[in-house]
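# Residue-level structural notes
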Amino acid sequence: MSDRPDPSRRLLVGGLTTGVAAALGAAGLGGRDATAATPAAPNPTTEYPKPPFQDQEQPWPGLASRMNPRPDHGETSYTGSGRLAGRRALLTGADSGIGRAAAIAFAREGADVAFNYLPQEEEDAREVVDLIRKAGRKAVPLPGDIRDKAFCRKLVADAARELGGLDILVNNAVYQKAAKSIDEISDEDFEQTFTTNVYAMFWITKAAMAHLQPGSAIVNTSSVNAYEPGESLIDYAATKAAIANFSKGLAKQLAPKGIRVNAVAPGPIWTPLQVSGGKLPHTLPHFGADTPMGRPGQPAELAGIYVLLASNEASYSTGQVFGAVGGRGGP
Ligand code: NAD
Ligand code: MG
């Protein structure tokens, strides 16, 4: 499948027509009007919510729709340009947060999207289904618990059947529970963290190999914690290091097959994870304050990275870990 759709198609994908018209202003499609005001580039230090935030907690796994402020997943801002035209993507954890931002962007870039989430997250997932359909693409919601090996295999099979194949896999679901001390990490929590974050990634990726073809891409979500483990996230951080390492190794193995594997390493991002046990109690008001940007990122700010790594524009990038940490992080 070509990654270079014809220009007329590019304008039709994801409601770009309005976006382009607005961006071009009086100049329209005929060329640039030198006298028209050029819209200023958004300033990343003032564009998004900053600490202090209202302290808030939700029962795990949390809902984006109940957060204050609501995370920005690019619902009103992401404009596609056909960069994933005709692709078929499966994402985990895409009802909310970073996964939702990637799902919205993929659909607006022209991909059909299957995604997994937990049944408790149906409310958030419904919004994502609507957004994908409004972009004119097929949405395949596939709820279920990825700690179940058999479910992981069925998830991939269902996605491939409903989409007619699979070109993009995003392993993004996670369990993160903060604990002050190793004594407070129960064996059950440790197991849930590794099963969700590492084992399920292995089961899903292995099952996906039956469908991925040359030109396909896998994008795994790692974390800045892979390099700079937080002292209250030692189990989670270890899984994120495993994900980055697995991605690099698998990338070498799959390069000759023309399948790329990359990872994204976000820093503090405003998502339900952080209000449902992912942070120690009462630390949320200052979330992201210790980054050079002085604020957490919003999921929408990572969407373009997932699109780039999923698309053939990054055809010579594999085995890489792409950071988005507000000025810190990196190996
Ligand atoms: P999120 O809560 O929006 O997404 C996590 C998702 O994981 C949930 O929506 C849920 O659907 C899914 N999930 C959890 N357990 C599951 C299970 N057993 N079965 C099926 N699905 C399950 O949070 P997010 O921050 O967008 O997290 C997405 C990714 O980003 C994760 O891999 C996380 O480690 C990574 N990350 C987040 C941050 C951050 O600050 N938010 C920082 C670094 C990395
Ligand atoms: Mg969720």
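Each remark here, short or long, concerns the structure printed above.
It should be emphasised that the depicted structure is a prediction, and the values quoted were computed from it without experimental measurement.

Rules used throughout
Each chain carries its own residue numbering, running from 1 in the written order of its sequence. Here chains are named by letter from A upward and ligands by number from 1 upward, in the order in which they appear as written. In keeping with the model being predicted, local features are shown solely for residues with a pLDDT of at least 70 and side-chain atom pairs are shown and tallied solely at 80 or more, while totals for entire chains, interfaces and linings include all residues. Side-chain numbers come from the whole structure's heavy atoms, not from hydrogens or water. Proximity is defined per residue: if any heavy atom of the residue lies within 4 Å of a molecule or strand, that residue is considered near it. Polar contacts, as used here, are pairs of N or O atoms within 3.5 Å; protein pairs need one atom able to donate a hydrogen and one able to accept it. Residues neighboring in sequence count only if both atoms are side-chain atoms. Going along the chain from the N terminus, every DSSP run of H or I of four or more residues is numbered as a helix, and every run of E of two or more is numbered as a strand. Residues are grouped as follows: Ala, Val, Leu, Ile, Met, Phe, Trp, Tyr, Cys and Pro are nonpolar; Asp, Glu, Lys and Arg are charged; every other residue, Gly included, is polar. Throughout this description, buried means an accessible area under 20% of the type-specific maximum (1.4 Å probe, protein chains only), exposed means over 50%, and partly exposed covers the range between. Contacts are assigned to residue pairs with any non-hydrogen atoms lying within 4.5 Å of each other. When two rings of Phe, Tyr or Trp (its six-membered ring) have centres within 6.5 Å they constitute a pair, described as stacked for plane angles under 30 degrees, edge-to-face for angles over 60, and tilted for the intermediate range. Each axis is a line fitted through C-alpha atoms, and for a helix only the stretch in contact is used; angles between axes span 0 to 180 degrees, taken between their N-to-C directions. Oblique is the label for any angle not covered by the other classes, which are roughly parallel (under 35 degrees), roughly antiparallel (over 145) and roughly perpendicular (65 to 115). The sense of a crossing depends on the near helix, which, turned anticlockwise from the far helix by less than a right angle, makes the crossing left-handed and, turned clockwise, makes it right-handed. Put simply, buried Ala, Val, Leu, Ile, Met, Phe, Trp, Tyr and Cys residues joined by side-chain atoms within 4.5 Å make one nonpolar core. DSSP bridges decide pairing: two strands pair if at least two such bridges lie between them. If the strands point away from the viewer and the path from the first strand over the helix to the second runs clockwise, then the crossover is right-handed. Only N, O and S atoms count as donors, using a 2.8 Å limit from the metal and a wider 3.2 Å limit for Na, K and Ca, and since water is excluded some coordination spheres may look unfilled. Definition used for salt bridges: Asp or Glu carboxyl oxygen within 4 Å of a side-chain nitrogen of Lys or Arg.

Another aspect to go through is the site of ligand 1. As a structural note, the neighbourhood of ligand 1 is formed by 32 residues, with Ser96, Glu121, Tyr236, Thr271 and Gln274 the closest of them. Separating an oxygen atom of ligand 1 from a backbone N or O atom of Gly267 is a distance of 3.3 Å. If you list the elements that add at least two residues to the shell around ligand 1, you get helix 3 (97-108), strand 2 (112-117) and helix 7 (234-254). A breakdown of the residues in the shell around ligand 1 according to their chemical character gives 14 nonpolar, 13 polar and five charged.

Now for the environment of Gly62. In this structure, Gly62 sits in the loop between helix 2 (16-24) and strand 1 (88-92). Given the relative accessible area of 4%, Gly62 is considered buried. Here the alpha-carbon distance between Gly62 and Val275, two residues 213 residues apart in the chain, equals 6.9 Å. Apart from residues no more than four positions distant in its own chain, Gly62 is found in contact with Glu121, Asp124, Pro272 and Ser276.

The description of two aromatic rings rests on the distance between their centres and on the angle between their planes. Enumeration over the complete set of coordinates arrives at six aromatic pairs. Here the aromatic rings of Trp60 and Tyr175 are separated by 5.4 Å at their centres, their planes lie at 85°, and the arrangement is edge-to-face. Taken as a pair, Trp60 in the loop between helix 2 and strand 1 and Tyr175 in the loop between strand 4 (168-171) and helix 6 (187-208) lie far apart in primary sequence, 115 residues in all. On the basis of relative accessibility, which here comes to 7%, the residue Tyr175 falls in the buried class. Members of the aromatic cluster, each reached through a chain of ring pairs, are Phe53, Trp270 and Phe287.

Along the polypeptide, Gln56 turns up in the loop between helix 2 and strand 1. Within the structure, Gln56 has its side chain in polar contact with the backbone oxygen of Gln54 (distance 2.9 Å). From its side chain, Gln56 meets the backbone oxygen of Asn68 in a polar contact 2.7 Å long. Excluding its chain neighbours within four sequence positions, the residues that come into contact with Gln56 are Arg66, Met67, Asn68, Trp270, Val275 and Leu284.

Turning our attention to the packing of helix 3 against helix 8 (residues 300-310). Each packed pair of helices is defined by two parameters, the angle between the axes and the distance between the axes. Their axes nearest at 8 Å, the elements helix 3 and helix 8 cross at an angle of 60°. By the criterion of interaxial angle, the relationship of helix 3 to helix 8 is oblique. By crossing handedness, the relation of helix 3 to helix 8 is classed as right-handed. Contact residues: helix 3 offers Ile98, Ala101, Ala102, Ala105 and Phe106, while helix 8 offers Ala300, Leu302, Ala303, Tyr306, Val307 and Ala310. Within the contact of helix 3 with helix 8, the residues separate by chemical class into eleven nonpolar, no polar and no charged.

Among the nonpolar cores identified, the biggest contains 34 residues, and Leu91, Phe106, Phe115 and Tyr306 are the most heavily contacted of them. Broken down by secondary-structure element, the contributors of at least two residues to this core are strand 1, helix 3, strand 2, helix 4 (122-134), strand 4 and helix 8. Once you skip the residues sitting within four places of it in the chain, Tyr306 turns out to touch Ile98, Ala102, Phe106, Val170, Asn172, Val219, Thr221 and Val264. If you look at the next biggest cluster of nonpolar residues, it comprises 25 residues, including Leu90, Val156, Ala200 and Ile259.

So, on to the pairing of strand 3 (residues 139-143). Here strand 2 runs beside strand 3; their pairing, made up of five bridges, is parallel. If you follow Val113 over to strand 3, its bridge partner there is Ala139. A crossover connection joins strand 2 to the parallel strand 3 through helix 4; in handedness this β-α-β unit is right-handed.

The next thing to look at is the coordination of the magnesium ion (ligand 2). The protein atoms that coordinate the magnesium ion (ligand 2) are Asp95 (OD), Ser96 (OG) and Glu121 (OE), at distances of 2.1 to 2.3 Å. For Ser96, a relative accessible area of 11% translates into the label buried.

Tallied over the full model, the rule gives 18 salt bridges. Note that Arg100 is salt-bridged to Asp124, the shortest N-O span being 3.8 Å. Remark: Asp124 occurs in helix 4 and Arg100 occurs in helix 3; sequence separation between them is 24 residues. An identical accessibility class is assigned to Arg100 and Asp124; each is buried. Here Arg126 and Glu122 are joined by a salt bridge, their closest N and O atoms 3.1 Å apart. Of this pair, Arg126 and Glu122 both sit in helix 4, four residues apart, which is roughly one turn of that helix. Connected via shared salt-bridge partners are Arg70, Glu75, Arg100, Asp124 and Glu127.

Now for the environment of Gly97. Residue position: Gly97 is located in helix 3. For Gly97, a relative accessible area of 3% puts it in the buried group. A sequence separation of 173 residues divides Gly97 from Trp270, and the C-alpha atoms of the two residues are 7.5 Å apart. If near-sequence neighbours (up to four positions away) are discounted, Gly97 is found in contact with His73, Thr271, Pro272 and Pro299.

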